[in-house]
Amino acid sequence: MQPRTPLVLCVLLSQVLLLTSAEDLDCTPGFQQKVFHINQPAEFIEDQSILNLTFSDCKGNDKLRYEVSSPYFKVNSDGGLVALRNITAVGKTLFVHARTPHAEDMAELVIVGGKDIQGSLQVVDSDRPERSKFRLTGKGVDQEPKGIFRINENTGSVSVTRTLDREVIAVYQLFVETTDVNGKTLEGPVPLEVIVIDQNDNRPIFREGPYIGHVMEGSPTGTTVMRMTAFDADDPATDNALLRYNIRQQTPDKPSPNMFYIDPEKGDIVTVVSPALLDRETLENPKYELIIEAQDMAGLDVGLTGTATATIMIDDKNDHSPKFTKKEFQATVEEGAVGVIVNLTVEDKDDPTTGAWRAAYTIINGNPGQSFEIHTNPQTNEGMLSVVKPLDYEISAFHTLLIKVENEDPLVPDVSYGPSSTATVHITVLDVNEGPVFYPDPMMVTRQEDLSVGSVLLTVNATDPDSLQHQTIRYSVYKDPAGWLNINPINGTVDTTAVLDRESPFVDNSVYTALFLAIDSGNPPATGTGTLLITLEDVNDNAPFIYPTVAEVCDDAKNLSVVILGASDKDLHPNTDPFKFEIHKQAVPDKVWKISKINNTHALVSLLQNLNKANYNLPIMVTDSGKPPMTNITDLRVQVCSCRNSKVDCNAAGALRFSLPSVLLLSLFSLACL
């Protein structure tokens, strides 16, 4: 058997028609009658007229087109409704949609006595062998989703078992075949295509929110702000998904309830008021909220609707220059003080959150010494005028500044800065009692450290900046860590009260620091502080000393070296090394001890013969290189110990216990550090 033409299964779902009312005009576009009632016949006969529909668009019905909700019916050009084939059951309701370029409308046909249908069709095979059966397969039968369709194996009637959803599956591909009583295929399979006809069961949805648009104030009429687009899940090839847009509500409704218009087909929102009405500074609120409605069925009353909110911000442009609240400002400041002295206030009608409002201040005259600076307070937009270099009343008691203000953003071309964008600031400097000033500061002198007591170091000089007040100055010592100095309170002469010592702990790197006060006779008095730096030259006033002063040696040592001595001196070169090391021969026999120079700062003490276990005091004389030189004699205590079986016993020789190798190691370490 040859495959037959695919059959179409049409499943009709109930729809609700919203009735519309029209004004009583001479010509009202649409159907003259919108609801019809016809009795369910035994059978609708092919091409037999059922009823006549009258539609007019009041413009001649050019390009009139009809659509019927059932594929088994059509409307002829004369308005007659006919069946396309003989059919018994069509359900309870039919809808007829008429459309021209100028109008469209829908009529409802109520079938009195009609019954709801699940949807069925008849598979006919006149040549089918006797006792053969029909079998249906495919997606929706024996494939997921299973059990949606079934076939009467004897009659070939295909029926639907549950409601279909076109938005889930729009087309089912089934196959019909005939089998014998044993299930063996006799004919087929023949493809059976089931198309689910769309019903308007999905509302438009705005899926891309939030919808926020911006338009510059003063924009021309017709400026596009934003586009609103909704989605409808119904069949896009039908009016079920044909959307139309409109504005349902505008908040606020001032200065016009119709500030904006939306293109019903594209969804573009545009301005419809004049640029003068779109002035942000005169608007009650620069934010508008529009309730946008999308309606399917091309906007007919029977269409389903969905809404969303569009927020439109009227953006500011710099069409207002900042203006000072007054032409002149006054400020006072004490001489010597720094910081903010006055806040300059301005007015600007633009948006405070933008650069069209934020002010930028500039001092354009009266600030040659750069003593003043001005900055913008980011919270208040005020100009904070500050003194950054202390002012001197005695030099100038008054200052006059000319200051201009501008916006961070440039002004629009038709707006400029006027006289109100500049202001004058008059500043009065207040006289205060300033402390005397030492000159120079610090004061520096150089003296030898052995300067005699009562010697004059210098005479300090302090002057009073308050030259117009004719005040006297007295001096005093403020800080003298070692107590070496005295100052004459009247003339400022500084002399010594003790011998200066460069090696004192109060001296840092040969420099002694003292502080003095100069106090004027003002009420209250003011004080100035001066620093004296005394550089002390070294004299040879410190004798050198040796280290270590204790040593050990074994009584049977083969190496008769006793200790390496080092010498140090608190003075500076040339009053230090090279040092001269000697054994004070008046107190020690010549043929027992020996001292040998190693370098400028070290010498080796050794024995000429082994000694018995005992303690020995060896006088060592060390002399520096100063002129005149200084000499120091220090006893070196040598312990001769008993050394047996790697044990050192110095008990009989005294309490100290240092092995000879340890002493030599310590001495060599001292040499390595030089």
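No experiment lies behind these values; they were computed from the predicted model shown.

For the structure shown, the criterion picks out three disulfides. In this model, cysteine 554 is linked to cysteine 643 through a disulfide, with the two sulfur atoms separated by 1.9 Å. Where cysteine 554 bonds to cysteine 643 through sulfur, the torsion about that S-S bond is close to -85°, and the disulfide is left-handed. Taken together, the residues span a long stretch of sequence, with cysteine 554 in strand 42 (residues 550–554) and cysteine 643 in strand 48 (residues 631–644) at a distance of 89 residues. Comparing cysteine 554 with cysteine 643 shows no difference in burial state: the two are buried. Linked covalently through their sulfurs, cysteine 641 and cysteine 650 form a disulfide whose S-S length is 1.8 Å. Across the S-S bond of cysteine 641 and cysteine 650 the torsion is about 105°, and the bridge reads as right-handed. With respect to class, cysteine 641 is no different from cysteine 650; both count as buried.

What follows covers the sheet that holds strand 45 (residues 593–597). In sheet architecture, strand pairing relies on hydrogen bonds along the backbone and comes in two forms, parallel and antiparallel. A sheet is described by the order of its strands in space; here four strands give the open sequence 41-43-46-45, paired in antiparallel fashion. Each edge of the open sheet carries a strand with a single partner, namely strand 41 (545–547) and strand 45. Going across the sheet, the axis of each strand differs from the next one's by a mean of 30°, ignoring polarity.

Take the UniProt feature "domain: Cadherin" (unreviewed entry) in the protein chain next. UniProt feature "domain: Cadherin" (unreviewed entry): in the numbering of this structure it lies at residues 114–206, 207–324, 325–438, 439–546 and 545–663. Helix makes up 0% of residues 325–438 and strand makes up 46%, while its end C-alpha atoms are separated by 46 Å. Along residues 439–546 the backbone is 0% helical and 45% strand, and the end-to-end C-alpha distance reaches 47 Å.

For the rest of this paragraph, the subject is the nonpolar core. Core analysis: the largest hydrophobic core is formed by 26 residues, its most contacted members being Trp593, Val605 and Ile620. Among the elements of the structure, strand 42, strand 43 (561–568), strand 44 (580–583), strand 45, strand 46 (602–607), strand 47 (614–623) and strand 48 are those that each provide at least two residues to this core. The contact partners of valine 605, leaving out residues within four places of it in the chain, are Ser561, Val562, Val563, Leu565, Trp593, Lys594, Ile595, Leu618, Ile620 and Leu636. Core analysis: the second largest hydrophobic core is formed by 24 residues, Ile269, Leu278, Leu290 and Ile292 among them.

Our next topic: the sheet that holds strand 19 (residues 260–262). Overall, antiparallel pairing links the three strands, which are arranged 17-20-19 in an open sheet. Both outer strands of the open sheet, strand 17 (224–227) and strand 19, are each paired with one neighbouring strand and no more. Taken over all neighbouring pairs, the strand axes of this sheet differ in orientation by 20° on average, direction set aside. As defined by bridge partners, strand 17 adjoins strand 20 (residues 268–271) across three bridges and the pair is classed as antiparallel. Within the sheet, the bridge partner assigned to arginine 227 lies in strand 20 and is aspartate 268.

Burial within strand 29 (residues 383–387) is extensive, with four of its five residues counted as buried. Bridge count for strand 25 (residues 339–344) against strand 29 is five bridges, and the pairing is antiparallel. By the bridge assignment for strand 29, asparagine 343 is matched with methionine 384. Bridge count for strand 28 (residues 372–376) against strand 29 is five bridges, and the pairing is antiparallel. If you follow histidine 375 over to strand 29, its bridge partner there is methionine 384. Count of turn residues in the strand 28/strand 29 antiparallel hairpin: six residues, of which asparagine 381 carries a positive phi of about 70°.

Procedures and definitions
Residues numbered from 1 in each chain as written. Predicted model: local features only at pLDDT ≥ 70, side-chain atom pairs only at ≥ 80, totals over all residues. Heavy atoms only, no water. Disulfide = S-S within 2.5 Å. Helix = DSSP H or I, 4+ residues; strand = E, 2+ residues; numbered from the N terminus. Buried < 20%, exposed > 50% of the residue type's maximum accessible area, 1.4 Å probe, protein only. Pairing = 2+ DSSP bridges. Axes fitted to C-alpha atoms, helices over the stretch in contact; angles between N-to-C directions. UniProt positions renumbered as here; feature names shortened; annotations may be inferred. Core = buried A, V, L, I, M, F, W, Y, C linked by side-chain atoms within 4.5 Å. Contact = heavy atoms within 4.5 Å.

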